[in-house]
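The residues making up each chain are set out below.
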Amino acid sequence: MPSTFRTKRGRCHLDGDWLRLESSLRGQWRRYREGGRLPALLMAGTVFGVVVILVEALLTGDVRRLLLMAGVVVALVAVARLSNYVRGFTAAEEIPVDAISHVTAKQGTKGLTRPRFVVTYEVSGETKRRYVMMPSLWLSYGADEFRRAKAAFRDAGIAVE
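This write-up is about the structure you can find in this document. In this text, all values refer to a predicted model and were calculated from it rather than measured experimentally. (Residues numbered from 1 in each chain as written. Predicted model: local features only at pLDDT ≥ 70, side-chain atom pairs only at ≥ 80, totals over all residues. Heavy atoms only, no water.)

Observations concerning the nonpolar core
Our working definition: Buried Ala, Val, Leu, Ile, Met, Phe, Trp, Tyr and Cys residues that are joined via side-chain atoms within 4.5 Å together make up what is termed a nonpolar core. Note on classification: 1.4 Å probe, protein chains only; a residue is buried when its accessible area is under 20% of the maximum for its type, exposed when over 50%, partly exposed between these limits. A run of DSSP states H or I qualifies as a helix once it reaches four residues; a run of E qualifies as a strand once it reaches two. Both are numbered from the N-terminal end. Here, residues are in contact when the closest pair of their heavy atoms is within 4.5 Å.
Core analysis: the largest hydrophobic core is formed by 21 residues, its most contacted members being Phe5, Leu19, Ile100, Val103, Phe117, Val119 and Phe153. Of all the elements in the fold, those that place two or more residues in this core are strand E2 (10-14), strand E3 (18-23), strand E5 (100-106), strand E6 (116-123) and helix H4 (142-155). Counting residues per element, this core draws most heavily on H4, at 4 residues. With sequence-adjacent residues up to four places away left out, Phe153 is seen in contact with Phe5, Leu14, Leu19, Val103, Phe117, Val119, Ile158 and Val160.

Considerations on a nonpolar patch on the surface
We count it as follows: Nonpolar side chains (Val, Leu, Ile, Met, Phe, Trp, Tyr) within 5 Å and like charges within 9 Å form the patches, drawn only from residues with over 30% relative accessible area and no salt bridge. Each accessible area is a Shrake-Rupley result for a 1.4 Å probe, and residues are judged covered by the shown protein chains and nothing else. For salt bridges, the criterion is a side-chain nitrogen of Lys or Arg within 4 Å of an Asp or Glu carboxyl oxygen.
A cluster of nonpolar side chains, Val47, Val51, Val55 and Leu59, forms an exposed patch at the surface whose accessible area comes to about 370 Å². In this structure Val47 comes out as partly exposed when scored by relative accessible area, which is 47%.

Looking at the packing of aromatic side chains
Our working rule: The rule is short: rings of Phe, Tyr and Trp, with Trp giving its six-membered ring, pair when the centres are within 6.5 Å, and they are stacked under 30 degrees, edge-to-face over 60, tilted in between.
Counting across every chain of the model gives 4 aromatic pairs. A centroid spacing of 4.2 Å and a plane angle of 10° characterise the contact between Phe89 and Tyr131, whose relative ring orientation is stacked. Placement of the pair is Phe89 in the loop between helix H3 (63-86) and strand E4 (94-96) and Tyr131 in strand E7 (residues 126-133), with a sequence separation of 42 residues. On the basis of relative accessible area, Phe89 is assigned to the buried category, the value being 9%.

Here is the structure:
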């Protein structure tokens, strides 16, 4: 019987032979809306704030600030991606269940870190890892979804540490 649970940006499906992850920014917005009014308003406010800053910089001709902001964002994303790559993390959307050796659950700390799972699996003789980021503990269903995900992994016969 297939199991499914919500993730940070979508859903994770365990259908017997595969672990499948679907992810989108729209899915993340949906998670915030499902989690309560405050998280949705905070995300909308953040997006609105970024748009206001961009429009203001464009109207005043402050290209230097725009380039600086873009450079900082690109640098942060590049460092994060490189760090994950060096540590053996992938962005695989489908992982064969029989290739998974174990899953490590990280509860996270409300307000600091997000709950997540680290899926460890073998591909062509190499050990790889994949984060499965869970909904924030600030969301009304965050802790329940984390427990539900642990149960789904165990029901699929995957060891959860």
